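Below are the chains, spelled out letter by letter.
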Amino acid sequence: MNTSEPTRINTAPRDGLAPGLRAIPGATPVEWIVWEGLLGYDEAVAAMETRAAAIAEGQAGECVWLVEHPPLYTAGTSAKDADLVAPERFPVFRTGRGGQFTYHGPGQRVAYVLLDLKRRQPDVRSFVAALEAWLIGTLARFNVVGERREERVGVWVRRPEKPRGPDGAMAEDKIAAIGIRVRRWVTFHGVSLNVEPDLTHFSGIVPCGVTQHGVTSLVDLGLPVSMAEVDMALRLEFEAVFGPTVSGTEMS
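First, a word on scope: everything that follows refers to the structure included in this document.

1. Observations regarding helix α1 (residues 41–56)
Step number 1: Compared with an ideal rise of 1.5 Å per residue, which puts 16 residues at 22 Å, α1 spans 22 Å between its outermost C-alpha atoms and is within 8% of the ideal.
Step number 2: Listing the buried residues of α1 in full gives Tyr-41, Ala-44, Val-45, Met-48, Arg-51, Ala-52, Ala-54, Ile-55 and Ala-56.
Step number 3: Where α1 ends, the next residue or the one after it, Gly-58, has phi of about 75°, a positive value.

The structure is reproduced here in C-alpha cells:
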C-alpha cells in the first residue's frame, strides 16, 4: 500500500441519502469490524452465514465487516461461464450473492454488510440504492465523482482523459462493485471498493459481464490513499446513510 503523505479526507457531516434505511431511534449501533490481514473466502462466507442466521433469530446485532482477500474470482448467481477468461489463474468460488463474475484481492476493500431490513425497510431495491449512495458519498470525501448507471450495477467514474468509445461516449471505469444476498430479510455479502489492487488481475474475467468499460482504483485515479483513510471515509459515510456504528473486534 502506498505510504506517501495522507490525503485530506472531507470529514464534514453529510445528510444521508437513504433515510428510509436508517436504524429506528434507540436501536443498537451497527458493529464495525476490521479484519487484519488477508482472509480466505470460504472462511468469510461461513462467518457471514453464521452471523446472518443469528441476526435473523435476534441473537446478534447488525454489523459491517471490512476485509481483504487473497487474489480470487467469485461467480454470482447470474455469472456466465464464458466470462471466466482465465479459469486457472486464481481460485474460483461459486457464491450465492447476486451479480456475475468479480475479482477480490489485496488492495481492495471488501465490506460485508449484515443488516436487518425488517427493522429498517424491507425493500431490496432501496437497500441497493443505499449501498450505492454509501459508496458515492465515500468517494466524494476524496473529491471523486462516482455515479450510478441504470443498466450497470456498481459505481462508475468518468475518464475524459481516455479515448472515447465507438459511439462517441466518454470512457467510464468501474471503481466499486455491489453483490448482495438477502435471507429472512437479513443482508449479507456487500460491496468492494478498489483502493490499490493489481488492476491486471481483472483481465482473467469479464467483470460483472461488462465488456465495453474498464476498471479503476483510487490510486489509479492519482490518489495515493491508505486503506486506513478509506476505512475512515467508509465509516463516516455509512453513518450518514445507515446510522451510528460502534467498534467491534471479531465476527461471532
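2. Side note on the environment of Asp-220
Step number 1: Among the secondary structure elements, Asp-220 is positioned in the loop between β11 (214–215) and α3 (227–242).
Step number 2: The class of Asp-220 is partly exposed, set by a relative accessible area of 37%.
Step number 3: Taking C-alpha positions, Asp-220 is 28 Å from Ala-44, a pair spaced 176 residues apart along the chain.
Step number 4: Within polar-contact distance, the side chain of Asp-220 engages the side chain of Thr-216 at 2.6 Å.

3. Some points on the nonpolar core
Step number 1: In this structure, Val-64, Phe-127, Leu-131, Trp-134 and Phe-242 are the most contacted members of the largest nonpolar core, which totals 38 residues.
Step number 2: When residues of this core are traced back to their parent elements, those giving at least two are β1 (30–38), β2 (63–68), β6 (108–114), α2 (124–140), β8 (152–158), β9 (172–183), β10 (186–194) and α3.
Step number 3: With sequence-adjacent residues up to four places away left out, Trp-134 is seen in contact with Trp-32, Val-64, Ala-111, Val-113, Val-191, Leu-234, Glu-237, Phe-238, Val-241 and Phe-242.
Step number 4: With 20 residues, the next largest nonpolar core counts Leu-39, Ala-56, Cys-63 and Tyr-112 among its residues.

4. Considering the pattern of salt bridges
Step number 1: Counted by the stated rule, this structure contains 18 salt bridges.
Step number 2: The salt bridge partner of Asp-116 is Lys-118, with a shortest N-O separation of 3.2 Å.
Step number 3: Using a relative accessible area of 5% as the deciding quantity, one classes Asp-116 as buried.
Step number 4: In this structure Lys-118 comes out as partly exposed when scored by relative accessible area, which is 46%.
Step number 5: The closest approach of N and O atoms between Arg-149 and Glu-147, which form a salt bridge, is 2.7 Å. Each member of the pair, Arg-149 as well as Glu-147, carries the same accessibility label: buried.
Step number 6: Sharing partners across several salt bridges, the network here consists of Glu-62, Asp-116, Lys-118, Arg-119 and Arg-120.

5. Concerning the pairing of strand β3 (residues 72–75)
Step number 1: Side chains Leu-72 and Thr-74 project from β3 onto one buried face, and the interleaved Tyr-73 and Ala-75 project onto a second face that is buried too.
Step number 2: Both β3 and strand β5 (residues 101–104) contribute to a ladder of four bridges, which runs antiparallel. Within the sheet, the bridge partner assigned to Leu-72 lies in β5 and is His-104.
Step number 3: Alignment of β3 against strand β4 (residues 92–94), held across three bridges, turns out to be parallel. Across the sheet, residue Thr-74 finds its bridge partner in β4, namely Phe-93.

Parameters at a glance
- Residues numbered from 1 in each chain as written.
- Predicted model: local features only at pLDDT ≥ 70, side-chain atom pairs only at ≥ 80, totals over all residues.
- Heavy atoms only, no water.
- Helix = DSSP H or I, 4+ residues; strand = E, 2+ residues; numbered from the N terminus.
- Expected span 1.5 Å × (residues − 1).
- Buried < 20%, exposed > 50% of the residue type's maximum accessible area, 1.4 Å probe, protein only.
- Polar contact = N/O pair within 3.5 Å; in protein donor to acceptor, adjacent residues only side chain to side chain.
- Core = buried A, V, L, I, M, F, W, Y, C linked by side-chain atoms within 4.5 Å.
- Contact = heavy atoms within 4.5 Å.
- Salt bridge = Lys/Arg side-chain N within 4 Å of Asp/Glu carboxyl O.
- Pairing = 2+ DSSP bridges.

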